[in-house]
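Close look at the chain arrangement
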Amino acid sequence: MDIGQLFHNLFFDYTLRTVALGAALLGVVSGALGAFAVLRRQSLLGDAISHAALPGIVIAFLLTRSREPVVFLLGALAAGWAATLSIAAITRTTRIKDDSALGLVLSIFFGFGLMLLTFAQKLSDARQAGLDKFLFGQAATLLQSDVVAMAAVGALALGTTLLFWKEFKLLTFDADYAASLGYPVRTLDVLLTTLLVVAIVIGLQTVGVVLMSAMLVAPAAAARQWTNRLETMVGLSGLFGALAGVSGALISSAMEKTPTGPVIVLCISALVLVSLLFAPARGIVWRWLRNLRNRRRVRTAHLRP
Amino acid sequence: MTTTAVEVRDLTVAYKDKPVLWSVDMQAPSGALMAIVGPNGAGKTTLIKAILGLVRPLAGQALIYGKPYSKQRHLVAYVPQRSSVDWDFPTSVLDVVMMGRYGALGWLKRPGSAERRAALDALDKVGMVDFAERQIGQLSGGQQQRVFLARALVQNAEVYLMDEPFQGVDATTERAIVRLLQELRSQGKTVLVVHHDLQTVPEYFDWVMMLNVRRIACGPVSEVFTEQSLRATYGGKIAFLNGDGVGEIQDGYRTALSQPVL
Ligand SMILES: Nc1ncnc2c1ncn2[C@@H]1O[C@H](COP(=O)(O)OP(=O)(O)O)[C@@H](O)[C@H]1O
Ligand SMILES: [Mg+2]
């Protein structure tokens, strides 16, 4: 398929249009909320939540025998929440540090999810339900109704972020100071983490549980390179996420039987690489050139009497 | 008769099972400029956080002008330890200083031109107005400290709690900060400062609280800042060179400084 045909299909082919829209939505929401997660040093939490979603998806299916994505995603939401609560409970009540607690919860939930998945795959209706697609994501399974639901939930998440912008910014920069001003930081923390869980759940069908955390971390890491303002960083991060989502969905749709998740993640990785190397102030290449020039200037100044 | 601005009664705080403050009492009269001194790990930061309600005490309470902190928030401004935040955070100096108005602004309202003006005023007072649009990561340690001070100044408070505002600042900045503290005192504000340089305590402060898990002493510098209480605070790790006279003790302070305290 040539590029012109691809773009033609993007606007006029039902499947491709749906897939691209879904991928763009997931990119915007996970990019924007991922920026907060990265700034709060919660990248690992995102990884734990997304892996922990797997048992939630399988259990939701086993309980309802429904093939509706909404049911799966509700299961994922519940499991993501349970994982977050478990991590908080472990760090609060034991001497285990939070990174170990994250690792622990991630492996227990994910291992349990894989076990359940193996069991469920033996049931005939489960194979048709495509549960295994949630491992690496399959954008082609997206329906227009799924995308509408994603858009509604995503708009709610982004709207909440905008509404509490000042509070989230303060919480992220200096939580103790926020508390000293009287803001209920525990509640704000729960709210922002819930939005993160929502962002993850929105992306699961397209990107899958294994690679979803890349969609939180990578757009933010790329965006941080280009700006020193939170507003711009969050916006750019959403934009990069959408860009990677759409290009990944297009590329994987052009190739037979390619899971979407890995392709989207490759796209965002390319964006990260370019940003790390070439962003104006922070890019490695420019910094290296500046160093070189400075050293030369110092050397010539030194040689002159 | 002077009123008490900050009062701590029988305060006990523990992290997990390790007691960090043990039955601490403290009184800072209104208008005092008070140093809080003690070795590393003595619980100075914890004391400040307990007054602000950031850590929950096992027992005891802290009062601001006779009432709990939750009722007196608008009277108190906090300057956290500089190392407590990530200075690579994508935001400008002006933005950080405007955060000092967030408490008064309340939920959902965005900072506007009034907040901007207040922030620029405060930046002017700390000599940082030219840096308003800088990203905070591009500042020196002393400049970052002054940004934190400006953020507390825009709160327009009566009581200031500052955690190590002199840490890592150069001599010029230190003098500027001291002038600022004394100006606050002359306006009748109460200022509590966690301080490390024992040598400058008598010069900068009029009250002192000496802390090492327990309260060792608390009162006017001229009365309680003695060799005996210093020894009790810093343990046997201080070698005092000589005598009782205040002037001579100065040498003792200097020795205290040159010794590692932990
Ligand atoms: N969040 C925490 N969890 C566990 N222990 C802590 C925590 N914060 C401080 N501590 C411990 O409490 C003691 C007092 O700490 P701190 O109040 O920071 O002392 P200071 O400010 O006087 O150096 C130290 O031993 C420190 O290790
Ligand atoms: Mg401290």
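Parameters at a glance
- Residues numbered from 1 in each chain as written.
- Chains lettered and ligands numbered in written order.
- Predicted model: local features only at pLDDT ≥ 70, side-chain atom pairs only at ≥ 80, totals over all residues.
- Heavy atoms only, no water.
- Near = heavy atom within 4 Å.
- Polar contact = N/O pair within 3.5 Å; in protein donor to acceptor, adjacent residues only side chain to side chain.
- Areas by Shrake-Rupley, 256 points an atom, 1.4 Å probe, with all protein chains shown as cover.
- Helix = DSSP H or I, 4+ residues; strand = E, 2+ residues; numbered from the N terminus.
- Nonpolar A, V, L, I, M, F, W, Y, C, P; charged D, E, K, R; others polar.
- Salt bridge = Lys/Arg side-chain N within 4 Å of Asp/Glu carboxyl O.
- Buried < 20%, exposed > 50% of the residue type's maximum accessible area, 1.4 Å probe, protein only.
- Core = buried A, V, L, I, M, F, W, Y, C linked by side-chain atoms within 4.5 Å.
- Contact = heavy atoms within 4.5 Å.
- pLDDT = per-residue confidence, 0-100.

**What to know about the site of ligand 1**
All names here are of chain B.
- As a matter of local geometry, ligand 1 sits amid Tyr15, Lys18, Val20, Pro39, Asn40, Gly41, Ala42, Gly43, Lys44, Thr45 and Thr46.
- At 3.0 Å, a backbone N or O of glycine 43 approaches an oxygen atom of ligand 1.
- Protein contacts shield 60% of the accessible area of ligand 1, which totals 570 Å² for the unbound molecule.
- Top element by residues in the shell around ligand 1 is helix α1 (residues 44-51). It accounts for 3 residues.
- Looking at the shell around ligand 1 residue by residue, the classes come out as 4 nonpolar, 5 polar and 2 charged.

**A closer look at the pattern of salt bridges**
- Considering all chains together, one arrives at 16 salt bridges over all chains under this definition.
- Notably, a salt bridge pairs A:Arg40 with A:Asp189, separated by 2.6 Å at the nearest N-O pair. With A:Arg40 in the loop between α2 (14-39) and α3 (43-64) and A:Asp189 in helix α11 (residues 185-207), the pair connects residues that are 149 residues apart, well separated along the chain.
- On the accessibility criterion, A:Arg40 (17% relative accessible area) is buried.
- The exposure class of A:Asp189 is partly exposed, given its relative accessible area of 26%.
- Ionic pairing is found between B:Lys189 and B:Glu158, a salt bridge with its closest N-O pair at 3.6 Å. Separated by 31 residues along the polypeptide, B:Lys189 in the loop between α7 (171-186) and β8 (190-194) and B:Glu158 in the loop between α6 (141-153) and β7 (159-163) bring together distant segments of the chain.
- Among the residues examined, B:Lys189 registers a relative accessible area of 9% and is labelled buried.
- Residue classification places B:Glu158 among the partly exposed positions, given a relative accessible area of 29%.

**Overview of the nonpolar core**
- Formed by 174 residues in total, the largest nonpolar core has its most connected members in A:Leu204, B:Met26 and B:Leu47.
- Non-local contacts of B:Leu47, meaning those with residues more than four positions away in its chain, are made with B:Val8, B:Leu11, B:Leu21, B:Val24, B:Met26, B:Ile36, B:Met209 and B:Leu211.
- In this structure, A:Leu6, A:Leu16, A:Ala20 and A:Leu250 belong to the second largest nonpolar core, which totals 5 residues.

**Things to note about the confidence of the model for chain A**
- For chain A, per-residue confidence averages 90 on the pLDDT scale, and 98% of positions sit at 70 or higher.
- Mean pLDDT values for the elements of chain A range from 68 in helix α6 (residues 124-129) of chain A up to 97 in helix α9 (residues 165-173) of chain A.

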